[in-house]
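Structural description and commentary
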Amino acid sequence: MEMQLDKKEKYLFIETFGCQMNDNDSEKIIGLMSSLNCKTTDSPDKADIVILNTCSIRGKAEQKVYSALGRFKKLKKQRPDLIIGVGGCVAQQEGNRLLKRAPHLDVVFGTHNIHRLPDLIKEVESTRSRVAATDFFSFIEDEELFEYTYAKNGLENPIYMVKVSITIMRGCNNFCSYCIVPYVRGREMSRKSSDILQEAKKLIKAEVKEITLLGQNVNSYGNNGADISFPELLRLVCRLDGIERVRFITSHPKDMSEELIQLFGEEERLCRHIHLPLQSGSDTILKIMNRGYTREDYLNKILKLKMLYPGMAITTDIIVGFPGETESDFLDTMNLIKEIEFDNIFSFKYSPRQETMAASFDSQISDTVKEERLAILQETQMDITHSKNQEMLGKTVDVLIEGKSKTADGGAAILNNAKRNNAVNAITQLTGRTSCNKVVNLSASEEFMGRIAPVRIIKASPNSLTGSIWK
Ligand code: SAH
Ligand code: SF4
Ligand code: F3S
């Protein structure tokens, strides 16, 4: 029975791990599969196809994939027709090894093979063979993929979305010594600016209010195949008719140009937030991490941002327990984070990754020490985040209201339904973000969903802000 997918409606259950690149890829997978008459479902029991879109950034993330695969073993036994696929960074890293390790797995597709998924699935269906596709391609497949995504997100039949991400570049050339990304995502490739702008315009037409330009190192945009620089692209997106907010992630400190810094003062729609991963405050460690900047370089860029744009939010990533990190290196990091006072820090214990340089360094740090350092750092940052949140008490800020808060049964889906049914008058728990990317919860009428509204902050806890609409 070949090409079953084309004839009968099927259901896809997809689980996404990892970063925004993966979230974005999952959107594309859903779009592609819908072109084969395959709809998404929240219930694996109902699914004909199960896809895990995986992350390999740390050992823990990779482990999650194997436990998820374990969960589907029983289901496959009950229903041998079920097709199970693994995509994303673990798929890229492991390839055929994954098929060997999990006999109930049918398809492995790497990070450059999303566009091939429908064909791979058809192949499995018709021949019952097991396939792994992990080739790297030297072109960006997004052009064809995004058409599918919009087929699903329906410009003809719009499903309401408040904010979306657009991939502007893929891969990474930096080879930080701890990081698996260059191995699993390949070399940097930039999309053409005209394609990105066309995609943005379509989204704006579909009532999207906020666009995030996405890439592993967005500042490198333009160095690899695109016609304009990242700040130029950002400016063009900010000036598109009808867009309310523009963000970007992630920037590399070594590539953050003066032009980009200036842009925050020139483009009103550019949100006042930057995520600028520091990784460590010690020059010795930064050097062996191969980060390409010093503590002083980093601090100077931050001081400039703070001076030019008081109130701008700055967030970062820190790795503790990198091989060779002494107590004094760690203190350098602690002192720097106390000096800078980040709005938020995503902090991680160093995790050795196969193929990377740092995994073979002799001076690995014990888990106990990593654990201790992580706890100290997180405790300090919690106080900083809390006091920053408290500074907002009594202030009125513009919040883009994204939907119902998670506690109030499921955000975006409800928003879609509410829009469709025009059932927009009930007071409910809503959630949104400030320009500085801080989450604000509030009770308000559903009619505020998808709008930017002035909100007075009435409560500030370490992890969240509560507000009320200010009329
Ligand atoms: N491209 C982005 C983010 C990469 S991954 C950037 O360059 O900043 C997100 C974060 O995961 C990194 O910033 C880093 O802090 C962390 N990370 C990456 N590899 C890691 C590893 N092997 N162990 C622990 N944390 C890691
Ligand atoms: Fe990884 Fe470094 Fe590239 Fe970021 S810049 S993805 S941390 S190699
Ligand atoms: Fe993970 Fe791959 Fe993103 S390793 S963090 S999903 S690029």
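Residues numbered from 1 in each chain as written. Chains lettered and ligands numbered in written order. Predicted model: local features only at pLDDT ≥ 70, side-chain atom pairs only at ≥ 80, totals over all residues. Heavy atoms only, no water.

1. Observations regarding the packing of helix α11 (residues 258–266) against helix α13 (residues 295–308)
In a packed pair of helices, the relevant descriptors are the angle between the two axes and the axis-to-axis distance. Which entries qualify depends on this criterion: Each axis is a line fitted through C-alpha atoms, and for a helix only the stretch in contact is used; angles between axes span 0 to 180 degrees, taken between their N-to-C directions. For helices the rule is a DSSP run of H or I covering at least 4 residues; for strands it is a run of E covering at least 2, with both sets numbered from the N terminus onward. Roughly parallel here means an angle under 35 degrees, roughly antiparallel means over 145, roughly perpendicular means 65 to 115, and every remaining angle is called oblique. Take the far helix as the reference: if the near one is turned anticlockwise from it by less than a right angle, the crossing is left-handed, and if turned clockwise, right-handed. Every residue pair with non-hydrogen atoms within 4.5 Å of one another is taken to be in contact. All amino acids are sorted into three groups, where Ala, Val, Leu, Ile, Met, Phe, Trp, Tyr, Cys and Pro are nonpolar, Asp, Glu, Lys and Arg are charged, and the leftover types, Gly among them, are polar.
Between α11 and α13, the shortest axis-to-axis distance is 10 Å and the interhelical angle comes to 20°. Taken together, the axes of α11 and α13 lie roughly parallel to each other. Seen from above, α11 lies across α13 with right-handed handedness. Of α13, the residues touching α11 (which contributes E258, I261, Q262 and F264) are K304, L305 and L308. Within the contact of α11 with α13, the residues separate by chemical class into four nonpolar, one polar and two charged.

2. A look at the site of ligand 1
To be explicit about the condition: We call a residue near a molecule or strand whenever a single non-hydrogen atom of that residue lies within 4 Å of it. Any pair of nitrogen or oxygen atoms within 3.5 Å is treated as a polar contact; in protein, a donor-acceptor pairing is required on top of that, and neighbouring residues in sequence qualify only through side-chain atoms on both sides. Accessible areas in this description were obtained via Shrake-Rupley with a 1.4 Å probe; residue shielding takes into account the shown protein chains only.
In the region of ligand 1, 14 residues are neighbours, and Q216, P277, Q279, D317 and S351 sit closest. Q279 has a polar side-chain atom sitting 2.7 Å from an oxygen atom of ligand 1. Here an oxygen atom of ligand 1 sits 2.6 Å away from a polar atom, N or O, in the side chain of D317. Out of a free accessible area of 540 Å², ligand 1 has 89% covered by protein chains. Going through the elements one at a time, β13 (313–320) and β14 (344–349) are the ones with two or more residues in the shell around ligand 1. Along the lines of polarity and charge, the residues of the shell around ligand 1 split into six nonpolar, four polar and four charged.

3. Here's the deal with the pattern of salt bridges
Pairing is possible between side chains of opposite charge, provided their charged atoms come close. Heads up, the rule is: Put simply, a salt bridge is a Lys or Arg side-chain nitrogen that is within 4 Å of an Asp or Glu carboxyl oxygen. Residue burial is assigned from relative accessible area. The probe radius is 1.4 Å, only protein chains are included, and a residue is buried under 20% of its type maximum, exposed over 50%, and partly exposed in between.
A complete count under the given rule lists 25 salt bridges for this structure. With a shortest N-O distance of 3.0 Å, K254 and D255 are connected by a salt bridge. Close ionic contact of K388 with D343 constitutes a salt bridge, the shortest N to O distance being 3.8 Å. With K388 in helix α15 (residues 367–390) and D343 in the loop between α14 (327–340) and β14, this residue pair connects regions lying 45 residues apart in the sequence. By relative accessible area, which is 16% here, K388 ends up buried. Linked by salt bridges that have partners in common, R235, R239, E266 and E267 make up one network.

4. Examining the sheet that holds strand β18 (residues 452–460)
Strand pairing in a sheet relies on backbone hydrogen bonds, with the paired strands running either antiparallel or parallel. Applied cut-off: Think of it this way: DSSP has to see at least two bridges between two strands before they count as a pair.
Taken together, five strands build a closed barrel; the order of strands is β15-β16-β17-β19-β18 and the barrel is mixed. Mean inter-strand twist for the sheet, computed between neighbouring axes without regard to direction, equals 50°. Across five bridges, the pairing between strand β15 (residues 396–404) and strand β16 (residues 427–434) is antiparallel. If you follow I401 over to β16, its bridge partner there is G432.

5. Describing the nonpolar core
For clarity, the threshold we go by: We define a nonpolar core as any set of buried Ala, Val, Leu, Ile, Met, Phe, Trp, Tyr and Cys residues linked to one another through side-chain atoms lying within 4.5 Å.
Judged by nonpolar contacts, the single largest core of 55 residues is most densely connected at I211, L213 and F248. For F248, the contacting residues outside a window of four places in its chain are T212, L213, V218, F230, L234, L260, F264, L270 and I274. Within the second largest apolar cluster, 23 residues are counted, among which are V65, L69, L99 and L105.

6. Details of the domain arrangement of the chain
Stated formally: Just so you know, the domain bounds were taken from an automatic or database domain assignment.
Looking at the chain, the domain boundaries give domain 1 (10–133), domain 2 (147–389) and domain 3 (396–469). Look at where the C-alpha atoms of domain 1 and domain 3 centre, and you get two points 33 Å apart.

7. Points about the sheet that holds strand β6 (residues 131–133)
Spatially, the six strands line up as an open sheet ordered β2-β1-β3-β4-β5-β6, and their pairing is parallel. Each of the sheet's edge strands pairs with one partner strand only, and the pair in question is β2 (38–40) and β6. Taken over all neighbouring pairs, the strand axes of this sheet differ in orientation by 20° on average, direction set aside. In terms of strand pairing, strand β3 (residues 49–54) meets strand β4 (residues 83–87) through five bridges, oriented parallel. Of the residues in β4, the one forming a bridge with N53 is G87. Contacting β1 (10–16), β2, β3 and β5 (107–109), helix α2 (residues 20–34) runs over the sheet at an angle of about 175° to β1.

8. A short note on the packing of helix α10 (residues 230–238) against α11
Running from N to C, α10 and α11 cross one another at 15°; their axes reach a closest spacing of 9 Å. The orientation of α10 with respect to α11, classified from their angle, is roughly parallel. The crossing of α10 and α11 is right-handed. For the pair formed by α10 and α11, the contact residues are F230, P231, E232, L234 and R235 on the first element and E259, L260, L263 and E266 on the second.

9. Some words on the pairing of β4
Using the following cut-off: Orient the strands so they point away from the viewer; a crossover is then right-handed if the path from the first strand over the helix to the second runs clockwise.
Counting buried positions along β4 gives five out of five residues, so the element sits mostly inside the fold. Burial of the side chains of β4 extends over both faces: I83, G85 and G87 are buried on one face and I84 and V86 on the other. A crossover connection joins β3 to the parallel β4 through helix α3 (residues 59–78); in handedness this β-α-β unit is right-handed. Bridge count for β4 against β5 is three bridges, and the pairing is parallel. Among the inter-strand pairings, V86 is bridged to a residue of β5, identified as V108.

10. Some points on helix α9 (residues 193–205)
Operational definition: Helices are assigned an expected span. That span is 1.5 Å times one less than the residue count.
Compared with an ideal rise of 1.5 Å per residue, which puts 13 residues at 18 Å, α9 spans 18 Å between its outermost C-alpha atoms and is within 8% of the ideal. Residues of α9 that are buried: S193, D195, I196, L197, E199, A200, L203 and I204. Count one or two residues on from α9 and you reach E207, which has phi positive near 75°.

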